[in-house]
Amino acid sequence: MRRWWLAVRGARCGARMRSGSFCSSKMGSKQITQETFDDAVQENITEFEMDPEEAVREAVQQFESQGVDLSNIVKALRPPASENGQRQKHEILLTLDALGKAVADSDLAEVAEQLVVFTAQCKEQLAFRCLAGQNGAYPVVFSACQVASGDRNLMLKAFYTLSALLDGQPDLLDTAGQDLLLQTLQEYGEDADMTLAGIRCVRHACLKHEQNRQDFVKGGILPLLTGAIVQHRHSADVVRTAASALRIMTFDDDIRVPFGHAHDHAKMIVLENDGLRVLIEAAKAFTDNSSVLSELCATLSRLSVRNEFCQEIVDLGGLNFMMSLLADCIDHPDVVKQVLSAIRAVAGNDDVKDAIVNAGATDLIVLAISHHLTNPQICEQGCAALCMLALRKPENCSIIMEGGGALAALQAMKAHPREVAVQKQACMLIRNLVSRSRDFSQPILEMGAENLITEARAAHRDCDDVAKAALRDLGCKVELRELWTGQKGGLAQ
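Residues numbered from 1 in each chain as written. Predicted model: local features only at pLDDT ≥ 70, side-chain atom pairs only at ≥ 80, totals over all residues. Heavy atoms only, no water.

If you tally the helices and strands in the protein, you get 28 helices and 4 strands. Here the protein, with 493 residues, has 49% of them falling under the buried criterion. For the protein, the share of sequence-separated contacts (at least 6 apart) that also reach a separation of at least 24 residues comes to 68%. (Helix = DSSP H or I, 4+ residues; strand = E, 2+ residues; numbered from the N terminus. Buried < 20%, exposed > 50% of the residue type's maximum accessible area, 1.4 Å probe, protein only. Contact = heavy atoms within 4.5 Å.)

And the structure:
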């Protein structure tokens, strides 16, 4: 009986898929509408006599077994139809209706109440926000922001709601919304709470959305963000969120756009808005706040796109604060990862390499790897930082070897055999250590490097080139792989 039910249920779900009740998502996975899911749940209840919880669970299982992405679906029972047969709505849509009515009636007290409720529901999960967004939530919330104009407390609630709605849905924001956010940040620049609310909206609107980023930059968001950090330099929330927003302006994370303006935005932040000085000065007010310092460090890393920028970070005292942060927060993996990433970035400048090594960074990096050996991200960033410091610098290689850098890298390889990024960075470090200092080859081989590198090469195709180069520079025999070229007679090495 159970097998018969599964066959019938699967056939019906498949029929829905073939009938066009689904679409392809941006990443190519299949998605369905909320209505299709709700119908499947209701069918489980009426035709297969399931209780509501089981009906929802079985619907989820059936659709996911057919490769459907349900991340945008509210996985809950829709209220039953009314006596006249009219379909009822999910709770968040009922709240949206109430908010829309309050906005239309200009009932400010009711608008405030419904904004709070709707914000809480949006924050529960992405599926709720998606359902609301698909049913006209953005125009309603935008109208609420307009109705609230002049009422500072109500505007705060409206912007909190807009931020919650845009989280994961940057496509909802239109030109009018961009203008509203820019205008509000200009007019309320001295108000920390309003500034924070506005920047959170901008941040959500720009994450994974290149066009929004470019529009905001053209609209003048960069000086507003750096200005917010200066104006509210004692507000941890404002500084952290504004730094994060600046960092997002340098992202290249929108798969719909082949070429973004990440590099240009980074240069604008530094050259036109004195971004490096602003961030490093801000760090001085938060010596005991690791979360703020971590965010500032991450943003500095994204701005280290030119040789002179790396040098400027050192000249402004940025390296000193990174070293202090790494030493003081060695037990905080999130902070350690960001500092290592920043060191790796600024070490792109050969002169800065020497400054970093002279500051005692190599010992701290080795300590970080050893202390967080079970953390693959820290192992990757630590090996990458040492790799950059060793590149073209034989003197630095000696210091890294003396400090146990090679052994730490090999321990990381042993701890994370399936992590291709760790294996790759460790191989590159080993190669840099021995490429100009052949005397280090034998000590490294005695640590077991050859077997670990050979295993990495066999397990990860992406490691092949760097592993082969490391083995060659270590003086090991390297067997070249033969690949079929598809052409007559042709094997390629």
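It is worth spelling out the confidence of the model for the protein at this point. Averaged over all residues, the pLDDT of the protein equals 90, while 89% of them reach at least 70. The model gives residues 1-8 a pLDDT under 50, and that stretch makes 7 contacts with residues more than four places away or in other chains. This stretch, residues 488-493, has a pLDDT under 50; its non-local contacts, to residues over four places away or in other chains, come to 14 contacts. (pLDDT = per-residue confidence, 0-100.)

Before going further, it helps to examine the packing of helix α15 (residues 275-283) against helix α16 (residues 290-303). In contact at an axis separation of 10 Å, α15 and α16 are set at 160° when each is read in the N-to-C sense. Here α16 runs roughly antiparallel to α15, going by the angle between their axes. For the crossing formed where α15 meets α16, the hand is left-handed. Residues Leu276, Leu279, Ile280, Ala282 and Ala283 of α15 pack against Leu293, Leu296, Thr299, Leu300 and Leu303 of α16. A class-by-class count of the residues in the contact of α15 with α16 yields 9 nonpolar, 1 polar and no charged. (Axes fitted to C-alpha atoms, helices over the stretch in contact; angles between N-to-C directions. Parallel < 35°, antiparallel > 145°, perpendicular 65-115°, else oblique. Left-handed = near helix turned anticlockwise from the far one by under 90°. Nonpolar A, V, L, I, M, F, W, Y, C, P; charged D, E, K, R; others polar.)

Of note, Glu64 is situated in helix α3 (residues 52-65). Residue class for Glu64 comes out partly exposed when judged on its relative accessible area of 45%. The sequence separation of Glu64 and Gln31 amounts to 33 residues, and the corresponding C-alpha distance is 9.9 Å.

So, on to the pattern of salt bridges. Summed over all chains, the structure comprises 21 salt bridges. The salt bridge partner of Glu295 is Arg247, with a shortest N-O separation of 2.6 Å. Of this pair, Glu295 sits in helix α16 while Arg247 is found in helix α13 (residues 236-248), placing the two residues 48 residues apart along the sequence. We note that Glu295, like Arg247, is buried. (Salt bridge = Lys/Arg side-chain N within 4 Å of Asp/Glu carboxyl O.)

The subject of this paragraph is unusual backbone geometry. Backbone geometry places Ser106, a non-glycine residue, at a positive phi of 55°. Looking at Ser106, the relative accessible area reads 49%, which means it is partly exposed. We note that Asp274 has phi near 50°; this positive angle belongs to a residue other than glycine. Locating Asp274 in the fold gives a position in the loop between α14 (262-271) and α15. Judged by its relative accessible area of 33%, Asp274 falls in the partly exposed class.

It is worth spelling out the side chain of Gln214 at this point. Tracing the backbone through its elements, the reader meets Gln214 in helix α11 (residues 210-219). Within the structure, Gln214 has its side chain in polar contact with the side chain of Glu210 (distance 2.8 Å). Setting aside anything within four residues of it in sequence, one finds Gln214 in contact with His261 and His265. (Polar contact = N/O pair within 3.5 Å; in protein donor to acceptor, adjacent residues only side chain to side chain.)

Phe216, Ile221, Met322, Leu433, Ile444 and Ile453 are the most contacted members of the largest nonpolar core, which totals 145 residues. Residues Phe37, Val41, Phe48 and Ile73 belong to the second largest nonpolar core, which totals 14 residues. (Core = buried A, V, L, I, M, F, W, Y, C linked by side-chain atoms within 4.5 Å.)

Counting buried positions along helix α6 (residues 126-134) yields 7 of 9 residues, so the element is predominantly enclosed. Looking at α6, one finds that the buried residues are Ala127, Phe128, Arg129, Cys130, Leu131, Ala132 and Gly133. Gly136 sits one or two residues past α6 and shows a positive phi near 80°.

Here we take up helix α17 (residues 307-315). For α17, the set of buried residues is Phe309, Cys310, Ile313 and Val314. Projected onto a plane normal to the axis of α17, the buried residues spread over an arc of 145° and lie on a single side. Close packing links the buried residues of α17 with α14, α15, α16, α18 (318-328), α19 (333-346) and α20 (350-358). Note on α17: the residue one or two positions beyond its end, Gly317, has a positive phi of about 95°. (Arc of directions from axis to C-beta.)

Next up on the list: the side chain of Gln169. Position of Gln169 among the secondary structure elements: in the loop between α8 (152-166) and α9 (175-187). Here Gln169 falls in the buried class, since its relative accessible area comes to 11%. Setting aside residues up to four positions removed in sequence, Gln169 forms contacts with Arg129, Cys130 and Gly133.

Angle between the axes and distance between the axes are the two parameters that describe a pair of packed helices. Direction vectors running N to C along helix α22 (residues 376-390) and helix α23 (residues 394-402) enclose 140°, while the axes themselves pass 8 Å from each other. In this structure, α22 uses Leu386, Leu389 and Ala390 to contact α23, whose residues at the interface are Asn396, Cys397 and Ile400. Per-class residue counts for the contact of α22 with α23 are 5 nonpolar, 1 polar and no charged.

Moving on, we get to the environment of Gln425. Looking at the element boundaries, Gln425 is found in helix α25 (residues 420-435). Taking C-alpha positions, Gln425 is 8.6 Å from Ala409, a pair spaced 16 residues apart along the chain. Here Gln425 is in contact with Arg344, Glu380, Cys383 and Ala384, once residues within four sequence places are set aside.

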